[in-house]
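Coordinates in review
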Amino acid sequence: MAPTKEQRSLRQNDSLHLWERHIADAYNEKGLTVEAVLKNFKMELFWTKEAVHEIIIKTAIKRMYNKDSTTQILRGGEIDDLIDVITKFNAQMEIEYIPWPSIEVLEQK
């Protein structure tokens, strides 16, 4: 089947949710906690923009400001602090500095 950029169908959505429920039931039947499953979560997944948003950015704003959405971040200070924290974290991971996009870069997009 060739990849497509169309959103999944309603049937695929229903199937995905049912499959997720079956997986959750299987974990629970085996007595596996979330912590136990994550401890053994060794799939090699590649990073996407969405993964960075959900895992890195949302974790940071939750821990820093107890906020659940990036729409709740304040212009004055909070966004700057978030950038600093993520930049320091990336440095610890030996990731080269990634600058915040300038207005000119955004306009070229």
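In what follows, the structure referred to is the one given above.
For clarity, every value in this text was computed on a predicted model and none was experimentally measured.

Turning our attention to the packing of helix 3 (residues 49–65) against helix 4 (residues 78–92). One way to put it is that helix 3 packs onto helix 4 with a least axis distance of 11 Å and a crossing angle of 120°. By the angle between their directions, the pair helix 3 and helix 4 is classed as oblique. The crossing of helix 3 and helix 4 is right-handed. Residues Ile 56, Ile 57, Ala 60, Ile 61, Met 64 and Tyr 65 of helix 3 form the contact with helix 4, whose participating residues are Glu 78, Asp 81, Leu 82, Val 85, Ile 86 and Phe 89. In the contact of helix 3 with helix 4, the residues fall into ten nonpolar, no polar and two charged.

Let us look at a nonpolar patch on the surface. On the surface, Val 34, Leu 38, Phe 41, Met 43 and Leu 45 cluster together into a nonpolar patch covering about 550 Å² of accessible area. Turning to its location among the elements, Leu 38 is positioned in helix 2 (residues 34–39).

Before going further, it helps to spend a moment on the pattern of salt bridges. Enumeration according to the criterion identifies three salt bridges in this entry. A salt bridge links Lys 62 to Asp 68; the shortest N-O distance between them is 2.8 Å. By relative accessible area, Lys 62 is classed as partly exposed at 37%. A residue is classified by how much of its surface remains accessible, and Asp 68, at 52% relative accessible area, is exposed. A salt bridge links Lys 67 to Glu 78; its shortest N-O distance comes to 2.8 Å.

Definitions and limits used
- Once a new chain begins, its residue numbering starts again from 1 and follows that chain's sequence as written.
- Restriction of local features to residues with pLDDT of at least 70 applies here, the model being predicted, together with a cutoff of 80 or more for giving and counting side-chain atom pairs; totals for whole chains, interfaces and linings are based on all residues.
- The side-chain figures draw on all heavy atoms in the structure; neither hydrogens nor water molecules are used.
- Lines are fitted to the C-alpha atoms to define the axes, a helix being fitted only along its stretch in contact, and any angle between axes, read from their N-to-C directions, falls within 0 to 180 degrees.
- A run of H or I in DSSP becomes a helix once it reaches four residues, and a run of E becomes a strand once it reaches two; helices and strands are each numbered from the N terminus.
- Oblique is the label for every angle not falling under 35 degrees (roughly parallel), over 145 degrees (roughly antiparallel), or within 65 to 115 degrees (roughly perpendicular).
- What makes a crossing left-handed is the near helix being turned counterclockwise from the far one by less than a right angle; a clockwise turn instead makes it right-handed.
- Contacts are assigned to residue pairs that have any heavy atoms within 4.5 Å of one another.
- The nonpolar class holds Ala, Val, Leu, Ile, Met, Phe, Trp, Tyr, Cys and Pro. Asp, Glu, Lys and Arg form the charged class, and all remaining residues, Gly among them, are polar.
- Residues with no salt bridge and a relative accessible area higher than 30% make up the patches, which join like charges within 9 Å and nonpolar side chains (Val, Leu, Ile, Met, Phe, Trp, Tyr) within 5 Å.
- Each accessible area is a Shrake-Rupley result for a 1.4 Å probe, and residues are judged covered by the shown protein chains and nothing else.
- Within this document, salt bridges are pairs made up of a side-chain nitrogen of Lys or Arg and a carboxyl oxygen of Asp or Glu, the two lying within 4 Å of each other.
- Working definition: with a 1.4 Å probe on protein chains only, accessible area under 20% of the residue-type maximum means buried, over 50% means exposed, and in between means partly exposed.

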